[in-house]
Amino acid sequence: MTLPYPSFLVNFKVYDGTSAEDGVALAKTIEAVQEATAANFVVAPQTPDLRLVAENTSLPVVAQSVDAGGTGRGNGAILPETVRKAGADGVVVNHPESQATLAEMEETVQACTDCDLETIVCVDTLEKGRAVLSFDPDCLLFENPDDIATGNSLPESNPELVREFVAMVEETAPETRVLLGGGISERSDVERAFELGADAAGAASAAVQADDQRKWFESIASAFEVAD
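With that settled, the discussion passes to the state of the cysteines. Inspection of every chain in the model, using the stated rule, returns zero disulfides. The cysteine Cys-112 is free of any disulfide, with Cys-115 supplying the nearest cysteine sulfur at 5.7 Å. You can see Cys-122 has no disulfide; the closest cysteine sulfur is in Cys-139, sitting 8.8 Å from it.

Have a look at this one:
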């Protein structure tokens, strides 16, 4: 499955209420909202639940992280080909909570490409984004790590920087998508992201910790009217 755009990425991380059957229930809530609206959602469940979510919903699924060291010794490592066989459609690379060097990012992007996994590579500056584009990722996730879980999002706090980043990607590698994360917490953040030229947005804590999750996802879905 090719990841859809425009879209909204929901990262479960390891929050309470997102593992095993609870994770499937959350994914099914997201799926129900998607089916009732024009929105596209992508989910990043906890790693042991990739197959469970992939087999019990129609949602595109991405792994939160992988290792690209290859088969053999590597106790605890998670290989791209393993998550692909579990049903993953893509992988998040270099998340601020599991960072990688540029060399590791390049190796991971290549390993994922080799097994038909799309890559969403996290970057926090234009310079790093430009460097990562040379690895030919499918998507760049642009965010300020300090904004994570704060409700302070780049589309609202620094729209000019977002415009500059989007323009840089369009000029350098127009086939690469842009996803905005970090502090995305409400419909207006997503609307603003689309208005600024992003192809997608995403959240973790704001989504999974919402008092009324279905209502929250329905609000996010309504922002897709701006992307049409």
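This part is about a negative patch on the surface. Among the surface-exposed residues, Asp-67, Glu-104, Glu-106 and Glu-107 lie close enough to one another that they form a single negatively charged patch. The topology assignment puts Glu-107 in helix α4 (residues 102–114). By relative accessible area, Glu-107 is classed as partly exposed at 43%.

A word on the packing of aromatic side chains. Under the criterion given, the structure shown has seven aromatic pairs. Note on Phe-41 and Phe-217: the rings are 5.8 Å apart at their centroids and 85° apart in plane angle, and the pair reads as edge-to-face. Taken together, the residues span a long stretch of sequence, with Phe-41 in strand β2 (residues 41–44) and Phe-217 in helix α10 (residues 213–222) at a distance of 176 residues. Both residues of the pair, Phe-41 and Phe-217, count as buried. Taken together, the ring pairs in this structure connect Phe-8, Phe-41, Phe-194, Trp-216, Phe-217 and Phe-224 into an aromatic cluster.

This part covers the layout of surface pockets. Volume-wise, the second largest pocket comes out at about 210 Å³. Lining the second largest pocket we find 16 residues, and of these Val-66, Asp-67, Ala-100, Glu-104 and Thr-108 sit closest to its centre. Of all the secondary structure elements, the ones that give two or more residues to the lining of the second largest pocket are β4 (90–93) and α4.

Rules of the game
Numbers given for residues are sequential positions, taken from 1 along each chain in its written order. Predicted model: local features are reported for residues with pLDDT of at least 70 only, side-chain atom pairs are reported and counted for 80 or more only, and whole-chain, interface and lining totals are derived from all residues. Side-chain measures were taken over the full set of non-hydrogen atoms in the model, leaving aside hydrogen atoms and water. In what follows, a disulfide is any cysteine sulfur pair within 2.5 Å. For patches, a residue must show more than 30% relative accessible area and have no salt bridge; joins then use 9 Å for like charges and 5 Å for nonpolar side chains, namely Val, Leu, Ile, Met, Phe, Trp and Tyr. Working definition of accessibility: Shrake-Rupley area with a 1.4 Å probe, residue cover restricted to the visible protein chains. For this document, the term salt bridge refers to a Lys or Arg side-chain nitrogen within 4 Å of an Asp or Glu carboxyl oxygen. This count recognises Lys and Arg as positive and Asp and Glu as negative, with His and chain-terminal groups excluded. By convention, the point assigned to a charge is CZ for Arg, NZ for Lys, CD for Glu and CG for Asp. The way it works is that DSSP assigns letters per residue, a run of H or I at least four long becomes a helix, a run of E at least two long becomes a strand, and they are numbered from the N terminus. Note on exposure labels: buried denotes an accessible area under 20% of the residue type's maximum, exposed denotes more than 50%, and partly exposed covers the range between, all computed with a 1.4 Å probe on protein chains only. Each pair of aromatic rings taken from Phe, Tyr and Trp, with Trp reduced to its six-membered ring, is defined by centres within 6.5 Å and is described as stacked if the planes are under 30 degrees apart, edge-to-face if over 60, and tilted in the remaining cases. Using a 1 Å grid laid over the protein atoms alone, points where a 1.4 Å probe fits but cannot get out form a cavity; open sets with protein on both sides within 12 Å along at least 5 of 7 lines form a pocket; any residue with an atom within 4 Å of a point counts as lining. Grid points are joined across faces, edges and corners, and a volume is the space filled by probe spheres set on the points.

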